Amino acid sequence: MKPLLLSFPDDRDLAREIANCIGAETGRLVWHRFPDGESLVSIDEAVKGRDVILVASLRHPDRIALPLRFVVMTAREFGVRLLGLVAPYLAYMRQDRRFHPGEAVSAPLFARFLEEGVDWLVTADPHLHRNPDLSRLFEISTRTVATAPLIADWIKQNVTRPVLIGPDSESKQWVASIAARIDAPYQILEKTRRGDRDVSISIPDFSQAEKGTPVIVDDIVSSGRTMIETAGHLRELGLPPAICVIIHPVFAGNAYEELLDAGVASLVSTNSIAHRSNAISIAGPLASAIGELSNFQIRKHGDKN
């Protein structure tokens, strides 16, 4: 029997791409939000004995977490065989230690919350710091999709003489990998963060690459301040307007519009989160990761051994 793929409304386009890649059927998932903020979900009841894949990018984790839980537990009530979660953007991975007294260490707590309901997890480039991979956080089977090859292909096809810029040390893992794939120079800047919207970036040195096209690459853009500050430095140096490439386009508030107003040439992202900037599809790699997991012996939720 074909697997059944369910998705939340914002993830329908990506879910259809994945379903086409793996030959899955798409089922019904309806999410109704009442005026008081409560949610009602309803799903396809034909899940008994079937493998079900739920696609839910966690762009608004606090808003979607409870409806996601309702979907998962309802599917189990209806007799699903195995239930997997495809969360292209996986939230709550950054708070992986206690930075100030009394703080919750939310990364492992959120991992426990998710794995209480699903048998496996697929995500794309999670924002990990001190945890080298997801196996340190999750006890269920996980797969991580790397977006660098897809981004490298897009830059190679669309940018003349790219010079890659990572706005902070955390971006180096993606920037270095992309630069190596397309044989392009790159720089990693230093970032100082004093608050959610108060960021300063070191000034890049472009003495060796003045004729190149600057491409700023970052994994997550939320407030946009880091990328805006970086683009501003490039403009002051007299360089061409930067092309911004983003793995996870969170774009809190007016961040997208503010970035465009900062004078960037263009802004593109993967479709890990549905947004009008999406230009790079990660459906293929996500489908491949799902296929890998289907070939492994996955412990069914609730099994003791």
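Above this text you will find the structure in question.
Quantities reported herein were computed from a predicted structural model and do not represent experimental measurements.

Draft legend 1. Quick peek at helix α2 (residues 61–77). Its 17 residues give α2 an end-to-end C-alpha distance of 24 Å, which sits within 8% of 24 Å, the value for a rise of 1.5 Å per residue. P61, I64, A65, P67, L68, V71, V72, T74, A75 and R76 are the residues of α2 that are buried. As for α2, its buried residues are in contact with β3 (29–33), β4 (39–43), β5 (51–55), β6 (82–87) and α3 (106–115). Just past α2, the residue G79 takes up positive phi, approximately 95°.

Draft legend 2. Region of interest: the sheet that holds strand β7 (residues 120–124). What the six strands build is an open sheet, ordered β2-β1-β5-β6-β7-β8; its pairing is parallel. Since the sheet does not close on itself, it has two edges, and those belong to β2 (25–26) and β8 (141–145), each with one partner. With five bridges joining them, β5 and β6 adopt parallel strand pairing. Each bridged residue has a counterpart across the sheet, and for V52 the counterpart in β6 is L83. Running over the sheet, helix α8 (residues 283–294) touches β5, β6, β7 and β8 and is turned about 155° from β7.

Draft legend 3. The arrangement of the packing of aromatic side chains in detail. Under the definition given, this model contains four aromatic pairs. With a centroid separation of 6.0 Å and 15° between ring planes, the pair formed by F110 and F113 is classed as stacked. Taken together, the residues span about one helical turn, with F110 and F113 both in helix α3 at a distance of three residues.

Draft legend 4. Representation of the packing of helix α4 (residues 148–158) against helix α5 (residues 172–182) in the model. Here α4 crosses α5 at 50°, and the two axes come no closer than 9 Å. By the angle between their directions, the pair α4 and α5 is classed as oblique. Of the two possible hands of crossing, α4 and α5 adopt the one that is right-handed. The residues of α5 that touch α4, namely those facing A148, P149, I151, A152, I155 and K156, are S177, I178, R181 and I182. Of the residues in the contact of α4 with α5, the class split is seven nonpolar, one polar and two charged.

Draft legend 5. The pattern of salt bridges, seen in detail. On inspection of all chains with the given rule, the structure shows nine salt bridges. Two residues, E25 and R50, come together in a salt bridge whose shortest N-O distance is 3.3 Å. Remark: R50 occurs in the loop between β4 and β5 and E25 occurs in strand β2; sequence separation between them is 25 residues. A salt bridge links E257 to R276; its shortest N-O distance comes to 2.7 Å. With E257 in helix α7 (residues 255–261) and R276 in the loop between β15 (266–270) and β16 (278–280), this pair connects stretches of sequence that are 19 residues apart. Among the residues examined, E257 registers a relative accessible area of 33% and is labelled partly exposed. Overall, R276 belongs to the exposed group, its relative accessible area being 62%.

Draft legend 6. Just unusual backbone geometry, in detail. Even without being a glycine, Y92 presents a positive backbone phi close to 65°. With respect to the helices and strands, the residue Y92 is situated in the loop between β6 and α3. For Y92, a relative accessible area of 33% corresponds to the partly exposed category. Backbone geometry at D183 places phi at a positive 55°, although glycine is not the residue there. Considering the arrangement of structural elements, one finds D183 in the loop between α5 and β10 (186–188).

Draft legend 7. View of the nonpolar core. Core analysis: the largest hydrophobic core is formed by 39 residues, its most contacted members being F8, L54, L58, L68, L85, L90 and F138. When residues of this core are assigned to their parent elements, the largest contribution, five residues, is made by α2. Among the nonpolar cores identified, the runner-up in size contains 20 residues, and A179, A184, I247 and V268 belong to it.

What counts, and at which threshold
Residues numbered from 1 in each chain as written. Predicted model: local features only at pLDDT ≥ 70, side-chain atom pairs only at ≥ 80, totals over all residues. Heavy atoms only, no water. Helix = DSSP H or I, 4+ residues; strand = E, 2+ residues; numbered from the N terminus. Expected span 1.5 Å × (residues − 1). Buried < 20%, exposed > 50% of the residue type's maximum accessible area, 1.4 Å probe, protein only. Contact = heavy atoms within 4.5 Å. Pairing = 2+ DSSP bridges. Axes fitted to C-alpha atoms, helices over the stretch in contact; angles between N-to-C directions. Phe/Tyr/Trp six-rings, centres within 6.5 Å; stacked < 30°, edge-to-face > 60°. Parallel < 35°, antiparallel > 145°, perpendicular 65-115°, else oblique. Left-handed = near helix turned anticlockwise from the far one by under 90°. Nonpolar A, V, L, I, M, F, W, Y, C, P; charged D, E, K, R; others polar. Salt bridge = Lys/Arg side-chain N within 4 Å of Asp/Glu carboxyl O. Core = buried A, V, L, I, M, F, W, Y, C linked by side-chain atoms within 4.5 Å.

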